[in-house]
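Residues per chain are reported as follows:
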Amino acid sequence: MLEEELERHAPMGPRPLQQAPMRVLSGANMPAALVEMAYLTNADQERSVQSAEFQGGLVQAMFDAIVRFRSYREAAEP
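**Describing a nonpolar patch on the surface**
A cluster of nonpolar residues, M1, F69 and Y72, forms a patch on the protein surface that exposes about 280 Å² of accessible area. Assignment of secondary structure puts F69 in helix 4 (residues 52-76).

**Examining helix 4**
Between its terminal C-alpha atoms helix 4 stretches 36 Å, which fits the 36 Å expected from 25 residues at 1.5 Å a residue. All buried positions along helix 4 are accounted for by F54, G57, L58, A61, D64 and A65.

**What to know about the environment of E7**
Its location among the elements puts E7 in helix 1 (residues 2-9). Overall, the relative accessible area of 45% leaves E7 in the partly exposed class. Taking the C-alpha atoms as reference, E7 lies 8.3 Å from A61; in sequence the two are 54 residues apart.

**Observations concerning the confidence of the model for the chain**
Per-chain confidence: the chain averages 85 in pLDDT, with 95% of residues scoring 70 or above. The least confident element of the chain is helix 2 (residues 23-26), whose mean pLDDT is 75; the most confident is helix 4, at 93.

**Describing the pattern of salt bridges**
Side chains carrying opposite charge are able to pair once their charged atoms draw close together. Counting across every chain of the model gives five salt bridges. For E5, the salt bridge is made with R8, and the minimal N-O distance between the two is 2.9 Å. Here R8 and E5 lie together in helix 1, a separation of three residues that amounts to about one turn. On the basis of relative accessible area, E5 is assigned to the buried category, the value being 3%. A single network of salt bridges, built from pairs that share partners, joins E4, E5, R8 and R68.

Reading guide: rules and limits
Residues numbered from 1 in each chain as written. Predicted model: local features only at pLDDT ≥ 70, side-chain atom pairs only at ≥ 80, totals over all residues. Heavy atoms only, no water. Patch = residues over 30% accessible without salt bridge, like charges linked within 9 Å, V, L, I, M, F, W, Y side chains within 5 Å. Areas by Shrake-Rupley, 256 points an atom, 1.4 Å probe, with all protein chains shown as cover. Salt bridge = Lys/Arg side-chain N within 4 Å of Asp/Glu carboxyl O. Helix = DSSP H or I, 4+ residues; strand = E, 2+ residues; numbered from the N terminus. Expected span 1.5 Å × (residues − 1). Buried < 20%, exposed > 50% of the residue type's maximum accessible area, 1.4 Å probe, protein only. pLDDT = per-residue confidence, 0-100.

So, in structure tokens, the structure goes:
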């Protein structure tokens, strides 16, 4: 859901979704995701991430994904 919303609201790289056991997330007792928004070593991405439009798109995408996930979980409850 998060990947779908990010694709709708923000530019994405060729391999947007990668999974790995991340130490920072492994101890979380809840759904968790780590989102890398841009590489600051890339001048184009550094400029993009500073814009209100880019930031707003990322925030909107994450918000929409959370709302969708919550609705999905609530619908699955008995």
